[in-house]
Amino acid sequence: MSELRVDGVSMHFGGITALDGLSFTIGSGQICGLIGPNGAGKTTLFNCVSRIYQPSAGSICLDGEELLDVPAHRIAGHGVARTFQNLGLFPSLTFLENTMAGAHARGRGGYLGSILRIGQARAERELRAEAFELLEVLGLADLAFLPAAHQSFGTLKRLELARALAARPRLLLLDEPAGGLTHSEVDELSSTIRRVRDEFGLTILLVEHHMAMVMGISDIVVAMNFGEKIAEGTPAEVRSDPAVVSAYLGAPAA
Ligand SMILES: Nc1ncnc2c1ncn2[C@@H]1O[C@H](COP(=O)(O)OP(=O)(O)OP(=O)(O)O)[C@@H](O)[C@H]1O
């Protein structure tokens, strides 16, 4: 289990302040929903944690390790995996191969380390077995040898989770997982996310517009507007916070 600490993070795009000294902490094993109106800075923060962006100030620590010192291509080796809004899958590869591709991101300490230790053939066998287990956990084992192309979006979202979990993360970043899903698929994905959090002891940061999903699965919610935190607390606390209500309705805070 792992704690993520975001401390005083600021980011500017030319004259635009996308993040303005943002600070919050996600406790070990918690699911944190990050919400806010369009342009609030959610994606920018997500991209700072996943190391696509380098903020101009602040610190982002996972279990005390400064992630801002880690380049994007090494972030998986430091315990951070992400899913993509529009899926980061290879349509022509099978479910099993897509899941295995997630483990390759682990880097030296993981997959490459295994090759050096036990040889390539055995490392590949272990990787396949591990990927198959993940597909079983996500209810996708029957599809293991089918290509990812032409499957429903809901099914592919679960495969996307399997791919991310194959990197054995401590921190999982979910980028709008409910996007494009039907109501029942959102419910199903929500319970899957909670289940894998429990089973793999994950800490999760979730950026999502689907309020019912965020409020349903988050332990804590951080609300942003104009790059700043405007509220933080349990879903019930944040939902009724006057600053959050006015940010969404566009009215001045009471
Ligand atoms: N690459 C960029 N170049 C210039 N400005 C950017 C860039 N990315 C984001 N911004 C600006 O930074 C601010 C925060 O944007 P961001 O995308 O992080 O918000 P968001 O909360 O994710 O919004 P949405 O819910 O619409 O995705 C906005 O004013 C946006 O226009």
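Residues numbered from 1 in each chain as written. Predicted model: local features only at pLDDT ≥ 70, side-chain atom pairs only at ≥ 80, totals over all residues.

Under an unreviewed UniProt entry, the name given to the protein chain is ABC transporter ATP-binding protein, and the source organism is Nocardioides acrostichi.

Peer 1: Teacher, can you tell me more about the environment of M11 here?
Peer 2: Within the fold, M11 resides in strand β1 (residues 4–13). What makes M11 buried here is the crowd of 22 C-beta atoms within 10 Å. Spatially, the C-alpha atom of M11 lies 22 Å from that of L172, the residues being 161 residues apart in sequence. Each residue touching M11, except ones within four places of it in the same chain, is listed here: A18, L19, T44, C48, Y53, P55 and S56. (Helix = DSSP H or I, 4+ residues; strand = E, 2+ residues; numbered from the N terminus. Buried ≥ 20, exposed ≤ 12 C-beta atoms within 10 Å, placed from the backbone. Contact = placed C-beta atoms within 7 Å.)

Peer 1: For this particular structure, what's the right way to read the confidence of the model for the protein chain?
Peer 2: Reading fine detail from the predicted coordinates is not recommended where pLDDT is low. Looking at the protein chain, pLDDT values average 90 and 92% of them are 70 or higher. Confidence, expressed as mean pLDDT per element, reaches its minimum in the protein chain at helix α3 (residues 108–118) with 60 and its maximum at strand β4 (residues 57–62) with 98. Reported confidence for the predicted complex is 0.96 by ipTM and 0.91 by pTM. (pLDDT = per-residue confidence, 0-100.)

Peer 1: What exactly am I supposed to notice about the sheet that holds strand β9 (residues 220–225) here?
Peer 2: One key point about sheets: their strands pair by backbone hydrogen bonds, in either a parallel or an antiparallel sense. Strand order in the open sheet formed by six strands is β6-β7-β8-β3-β9-β10, with mixed pairing between adjacent strands. With one partner strand each, in any of the chains shown, β6 (80–82) and β10 (228–233) form the two edges of the open sheet. Pairs of neighbouring strands in the sheet enclose a mean axial angle of 20 degrees, with direction left out of account. In the sheet, β6 pairs with strand β7 (residues 171–175) via three bridges, with the strands oriented parallel. Bridged to V80 within β7 is L171. Along the sheet, helix α1 (residues 42–49) makes contact with β3 (31–35), β7, β8 (203–207) and β9, crossing β8 at roughly 145 degrees. (Pairing = 2+ DSSP bridges. Axes fitted to C-alpha atoms, helices over the stretch in contact; angles between N-to-C directions.)

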